[in-house]
Amino acid sequence: MKVVILAGGFGTRISEESTIRPKPLVEIGGQPILWHIMKIYSAYGLTEFVICCGYKGSMIKHYFRNYAFELSDVTIDLHSSDIKVHKNGVEPWKVTLIDTGENTMTGGRLKRVAEYLGNETFCLTYGDGVCNVDMNDLIVFHRKSGALATVTAVHQPGRFGTLGLMPGEDRVRGFREKSNEDGAFINGGFFVLEPEVLDYIDGDETSWEREPLERLSREGKLAAYRHRGFWQNMDTLRDKNLLEGMWRGGNAPWKIW
């Protein structure tokens with residue numbers, strides 16, 4: 001099963017980093033968050049990736065072009081330019097990197113890589129979020145559901161405590177730290193999709209999160225896999241620092257490999 005990763009956005013809310021590199025290449029623990037996402041999937045045997053590049057996409061291509069070389073022991077004949085690899089310690093990944101346009105919307109990016117997916121079930125996620133979802137369980141759930149699309153439903157990680165206030169009163173009746181169980185489920189990415197969903201995308205201007213998902217929902221063809229474990233996106237510098245702190249502290253729940 002192939003894994004499509006959306007990696008072409010501008011990342012404007014983390015401009016401190018994205019002005020010099022695409023957001024999927026922003027590092028956590030010395031490796032791009034894109035690498036972390038791929039490690040999660042590959043822990044479940046999903047090792048064939050299609051990366052939807054866009055903004056500063058050439059930097060993503062350069063990263064993968066050099067990745068294996070930098071992790072290998074080599075002998076280089078400078079006169080003939082021959083390179084002999086002695087030991088290669090890289091992951092057994094097959095990575096297809098496609099330029100899907102700088103201004104293309106998320107649905108349009110997915111539509112543009114359709115020819116590389118074949119007529120089979122595939123995974124899709126965003127290039128800026130990590131989790132500890134059991135991918136095997138997610139895929140089994142999708143197949144049993146009979147839906148064309150399954151989205152991983154998560155609770156937005158909490159930041160603020162909750163105050164118990166009654167109308168017209170100024171005394172707090174209760175206080176509770178924000179829980180991940182508060183509020184509604186949100187789109188956490190980590191989709192499992194049937195190839196028919198591509199017919200729901202008109203073109204470059206289509207946002208995957210709008211017309212396609214809304215129509216799939218109306219038609220009863222969108223299932224939700226409720227994930228109550230760890231999930232965290234990297235939307236801002238604060239999120240990046242949070243993930244970095246977890247990694248450095250040896251408490252990175254998404255590190256399942």
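Definitions and limits used
Residues numbered from 1 in each chain as written. Predicted model: local features only at pLDDT ≥ 70, side-chain atom pairs only at ≥ 80, totals over all residues. Heavy atoms only, no water. Buried < 20%, exposed > 50% of the residue type's maximum accessible area, 1.4 Å probe, protein only. Helix = DSSP H or I, 4+ residues; strand = E, 2+ residues; numbered from the N terminus. Pairing = 2+ DSSP bridges. Core = buried A, V, L, I, M, F, W, Y, C linked by side-chain atoms within 4.5 Å. Contact = heavy atoms within 4.5 Å. 1 Å grid on protein atoms, 1.4 Å probe; cavity = no way out; pocket = protein on both sides within 12 Å on 5 of 7 lines; lining within 4 Å. Points joined across faces, edges and corners; volume = space filled by probe spheres on them. Nonpolar A, V, L, I, M, F, W, Y, C, P; charged D, E, K, R; others polar. Salt bridge = Lys/Arg side-chain N within 4 Å of Asp/Glu carboxyl O. Phe/Tyr/Trp six-rings, centres within 6.5 Å; stacked < 30°, edge-to-face > 60°. Lys NZ or Arg CZ within 6 Å of the ring centre and 35° of its normal.

Novice: Can you help me understand the pairing of strand β10 (residues 149-155) in this one?
Specialist: Counting buried positions over the seven residues of β10 gives seven, a clear majority of the element. Where burial is concerned, the two faces of β10 agree: the one with Ala149, Val151, Ala153 and His155 and the one with Thr150, Thr152 and Val154 are both buried. Summarising the sheet, β10 and strand β14 (residues 191-193) pair through two bridges and their orientation is antiparallel. Bridged to Ala149 within β14 is Leu193. Pairing of β10 with strand β15 (residues 222-226) involves five bridges; the strand directions are parallel. Paired with Ala149 across the two strands is Leu222, which belongs to β15. One ladder, built from three bridges, connects β10 with strand β13 (residues 185-187); its direction is antiparallel. Residue pairing for β13: His155 is matched across the bridge by Phe185.

Novice: Honestly, unusual backbone geometry in this entry has me stumped. Any pointers?
Specialist: Both trends apply: most residues other than glycine have a negative phi, and most peptide bonds are in trans. One non-glycine residue, Lys56, lies in the positive phi region at around 50°. For Lys56, the position within the fold is in the loop between β4 (48-53) and α3 (57-70). Given the relative accessible area of 28%, Lys56 is considered partly exposed. Of note in the backbone geometry, Ser81 takes a positive phi value of approximately 70° without being a glycine. As for its position among the elements, Ser81 is in the loop between β5 (72-77) and β6 (82-88).

Novice: Which parts of the structure should I look at to understand the nonpolar core?
Specialist: Soluble, globular proteins show a tendency: their nonpolar side chains are buried together. Core analysis: the biggest nonpolar cluster contains 41 residues, and Tyr41, Leu243 and Trp254 have the highest contact counts within it. Elements with a contribution of two residues or more to this core: β1 (2-7), α2 (33-42), β4, α3, β9 (129-131), α5 (135-145) and α7 (237-248). Sorting elements by how many residues they give to this core places α2 first, with seven residues. Ignoring any residue separated from it by four or fewer positions in sequence, one finds Tyr41 in contact with Val3, Leu46, Phe49, Cys123, Leu124, Thr125, Met135 and Phe190. With 23 residues, the next largest nonpolar core counts Leu110, Phe122, Tyr126 and Leu198 among its residues.

Novice: Looking at this structure, how should I read the layout of surface pockets?
Specialist: Vacant regions in the atomic arrangement are exposed by a probe of water-molecule size rolled over the atoms. Estimates place the volume of the largest pocket at around 830 Å³. Residue lining of the largest pocket: 32 residues in total, with Gly9, Lys23, Thr106, Tyr126 and Asp128 positioned closest to the centre. Of all elements in the fold, only β1, α4 (106-112), β8 (122-126), β13 and β16 (231-233) reach the threshold of two or more residues within the lining of the largest pocket. Here the residues of the lining of the largest pocket sort into nine nonpolar, 16 polar and seven charged.

Novice: Sorry if this is basic, but what is going on with the environment of Cys52 here?
Specialist: One can find Cys52 in strand β4. Taking the C-alpha atoms as reference points, Cys52 and Ile98, 46 residues apart in sequence, are found 5.4 Å from one another. Setting aside residues no more than four positions away along its own chain, Cys52 makes contact with Val4, Ile5, Leu6, Ala7, Gly8, Ile98, Thr100, Arg109 and Val113.

Novice: I would appreciate a short explanation of the pattern of salt bridges in the present structure.
Specialist: Close approach of charged atoms allows side chains of opposite charge to pair. This structure, assessed with the given rule, holds 13 salt bridges. The salt bridge partner of Asp235 is Arg13, with a shortest N-O separation of 2.6 Å. Remark: Arg13 occurs in the loop between β1 and α1 (15-18) and Asp235 occurs in the loop between β16 and α7; sequence separation between them is 222 residues. Here Glu17 ties to Arg21 by a salt bridge, and the two come within 2.5 Å at their closest N and O atoms. On the basis of relative accessible area, Glu17 is assigned to the buried category, the value being 15%. According to the relative accessible area criterion, Arg21 is partly exposed, its value standing at 24%. Ionic contacts of the salt-bridge type, sharing partners, join the residues Arg13, Lys23, Asp128 and Asp235 into one network.

Novice: Whenever I open this one, the packing of aromatic side chains confuses me. Can you help?
Specialist: Taken as a whole, this structure holds 13 aromatic pairs when the rule is applied. Arranged with centres 6.1 Å apart and planes meeting at 70°, the rings of Tyr126 and Phe191 form a pair that is edge-to-face. Residue Tyr126 is located in strand β8, and its partner Phe191 is located in strand β14; the two are separated by 65 residues in the primary sequence. Both residues of the pair, Tyr126 and Phe191, belong to the buried class. Here the aromatic rings of Trp247 and Trp254 are separated by 6.0 Å at their centres, their planes lie at 25°, and the arrangement is stacked. Classification of Trp247 by relative accessible area gives partly exposed; the value is 22%. By the ring-pair criterion, three or more aromatic residues cluster together here, those being Trp35, Phe230, Trp247, Trp254 and Trp257. When the ring centre of Tyr200 is taken as origin, the NZ or CZ atom of Arg215, which lies over that ring, is 4.1 Å away.

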